[in-house]
Amino acid sequence: MTSTEKLHAYLAAFSELDADSLLSTVTDDFRTFFESGKSYGKLDLPDYVAGLKKEAPRLVVTDLMVEGNQAWIKWRLGERVGAGLIKFGLDGVSEEQLFLG
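Residues numbered from 1 in each chain as written. Predicted model: local features only at pLDDT ≥ 70, side-chain atom pairs only at ≥ 80, totals over all residues. Heavy atoms only, no water.

**Section: unusual backbone geometry**
- One non-glycine residue, Leu-17, lies in positive phi territory at about 50°.
- Along the polypeptide, Leu-17 turns up in the loop between α1 (3–15) and α2 (19–23). (Helix = DSSP H or I, 4+ residues; strand = E, 2+ residues; numbered from the N terminus.)

Structural data, given as structure tokens:
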């Protein structure tokens, strides 16, 4: 699987809020960072996704721009909107910086 295919698998798993599939698309040292300074790792994903499911049944990616091994996305979860900068490679997604609207 190419790095771009790994990115698209990550986005598909997040869109469906499928924690099991999501775990298979990230690296062991994966981290998500929020602008508040809060962060979480791979083992935190199931609880994080369960919380998101309480807000909406799925996450909608509205825009995607890929340059090298980084991607910018815009997304919507129910009424909440945001953006993310994703770093990815052959091993999967290693980092995402989230910006909440």
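**As for the packing of aromatic side chains**
- Considering all chains together, one arrives at 8 aromatic pairs under this definition.
- Ring geometry for Tyr-10 and Phe-14: centres 5.3 Å apart, planes at 80°, overall edge-to-face. Remark: Phe-14 and Tyr-10 occur in helix α1; sequence separation between them is 4 residues, near one turn of the helix. Take Tyr-10 and Phe-14: they sit in the same class, and that class is buried.
- Centroid distance Tyr-10 to Phe-30: 6.2 Å. Interplanar angle 55°. Geometry classified as tilted. Taken together, the residues span a long stretch of sequence, with Tyr-10 in helix α1 and Phe-30 in strand β1 (residues 26–34) at a distance of 20 residues. Summarising the burial analysis for this pair, Tyr-10 and Phe-30 share the class buried.
- Here the aromatic cluster, defined as three or more aromatic residues joined through ring pairs, consists of Tyr-10, Phe-14, Phe-30, Phe-34, Tyr-40 and Tyr-48. (Phe/Tyr/Trp six-rings, centres within 6.5 Å; stacked < 30°, edge-to-face > 60°. Buried < 20%, exposed > 50% of the residue type's maximum accessible area, 1.4 Å probe, protein only.)

**Let's talk about the pattern of salt bridges**
- Taken as a whole, this structure holds 5 salt bridges when the rule is applied.
- A salt bridge links Asp-63 to Lys-74, with the shortest nitrogen-to-oxygen separation between them at 3.6 Å. You can see Asp-63 sitting in strand β3 (residues 60–67) and its partner Lys-74 sitting in strand β4 (residues 70–77), a full 11 residues away along the chain.
- What makes Lys-74 partly exposed here is its relative accessible area of 46%.
- Put simply, Glu-95 and Lys-87 hold a salt bridge, and the shortest N to O gap is 3.9 Å.
- The partly exposed category is assigned to Lys-87, whose relative accessible area is 33%. (Salt bridge = Lys/Arg side-chain N within 4 Å of Asp/Glu carboxyl O.)

No statement about biological role is implied by the geometric values presented.
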